[in-house]
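Residue-level structural notes
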Amino acid sequence: MRSEQEMLTLITTIAEQDERIRAVMLNGSRTNPAAKRDIFQDYDIVYFVTELESFIADATWPHRFGELMIMQLPEAMADPPPMNDGH
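Notes on the structure follow. (Residues numbered from 1 in each chain as written. Predicted model: local features only at pLDDT ≥ 70, side-chain atom pairs only at ≥ 80, totals over all residues. Heavy atoms only, no water.)

Here the focus is the overall build of the chain. For the chain, the count of helices and strands is two helices and two strands. Put simply, the chain runs from its N terminus to its C terminus through helices and strands in the order α-β-β-α. Its C-alpha atoms put the chain at 35 × 30 × 25 Å along the principal axes. Here the chain, with 87 residues, has 16% of them falling under the buried criterion. A separation of at least 24 residues holds for 48% of the contacts in the chain among residues at least 6 apart in sequence. By element, 57% of the accessible surface of the chain is carried by carbon and sulfur atoms, the whole surface being about 7000 Å². On the chain, the mean spot of the 7 positive side-chain charges and the mean spot of the 15 negative ones are 8 Å from each other. (Helix = DSSP H or I, 4+ residues; strand = E, 2+ residues; numbered from the N terminus. Buried < 20%, exposed > 50% of the residue type's maximum accessible area, 1.4 Å probe, protein only. Contact = heavy atoms within 4.5 Å. Areas by Shrake-Rupley, 256 points an atom, 1.4 Å probe, with all protein chains shown as cover. Lys, Arg positive; Asp, Glu negative; His and termini not counted. Charge placed at Lys NZ, Arg CZ, Asp CG, Glu CD.)

If you check helix α1 (residues 4–17), its first and last C-alpha atoms are 20 Å apart, about what 14 residues at 1.5 Å a residue would give, namely 20 Å. Within the span of α1, buried status applies to M7, L10, I11, I14 and A15. Here the buried residues of α1 occupy an arc of 130° about the axis, which is enough to place them on one side. Along α1, exposed side chains directed more than 90 degrees from the buried face belong to Q5, E16 and Q17. Looking at the buried positions of α1, the neighbouring elements they touch are β1 (21–27) and β2 (44–49). (Expected span 1.5 Å × (residues − 1). Arc of directions from axis to C-beta.)

The subject of this paragraph is the packing of aromatic side chains. Per the counting criterion, the structure on display carries four aromatic pairs. Here F55 and W61 contribute two aromatic rings whose centre-to-centre distance is 5.1 Å and whose plane-to-plane angle is 70°, an arrangement assigned as edge-to-face. Centroid distance W61 to F65: 6.2 Å. Interplanar angle 70°. Geometry classified as edge-to-face. W61 gets classed as partly exposed once you look at its relative accessible area, which sits at 22%. Residue F65 is classed as buried on the basis of its relative accessible area, which comes to 18%. Taken together, the ring pairs connect Y47, F55, W61 and F65 into an aromatic cluster. (Phe/Tyr/Trp six-rings, centres within 6.5 Å; stacked < 30°, edge-to-face > 60°.)

Taken as a whole and assessed by the stated rule, the structure comprises three salt bridges. Here E4 makes a salt bridge to R30, at a shortest N to O gap of 3.6 Å. Remark: R30 occurs in the loop between β1 and β2 and E4 occurs in helix α1; sequence separation between them is 26 residues. When the shortest N-O distance is used, the salt bridge between R37 and E4 registers 3.9 Å. (Salt bridge = Lys/Arg side-chain N within 4 Å of Asp/Glu carboxyl O.)

As a further point, take the side chain of D18. Following the sequence through the fold, D18 ends up in the loop between α1 and β1. The exposure class assigned to D18 is buried, which follows from its relative accessible area of 12%. Reaching out from D18, the side chain makes a polar contact with the side chain of R20 at a distance of 2.6 Å. (Polar contact = N/O pair within 3.5 Å; in protein donor to acceptor, adjacent residues only side chain to side chain.)

Laid out in structure tokens, this is it:
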């Protein structure tokens, strides 16, 4: 398992190397120093991109972070219906 610093480096390196990514933001419990740490604490990251289509078309790009336990695809969900605006 990667350390927190290794994950943060990977997250920022991916952003720096992909010209479609304009900014990256970390949110969620990892931004709260008082939040209890555990082995299931994930990395809630947001990449601000110039376009979504290429990311949507390639569902394998998140595998660069490692083995996936769960992957949510809001635009592919039927209930509630997708907003089709990247949210």
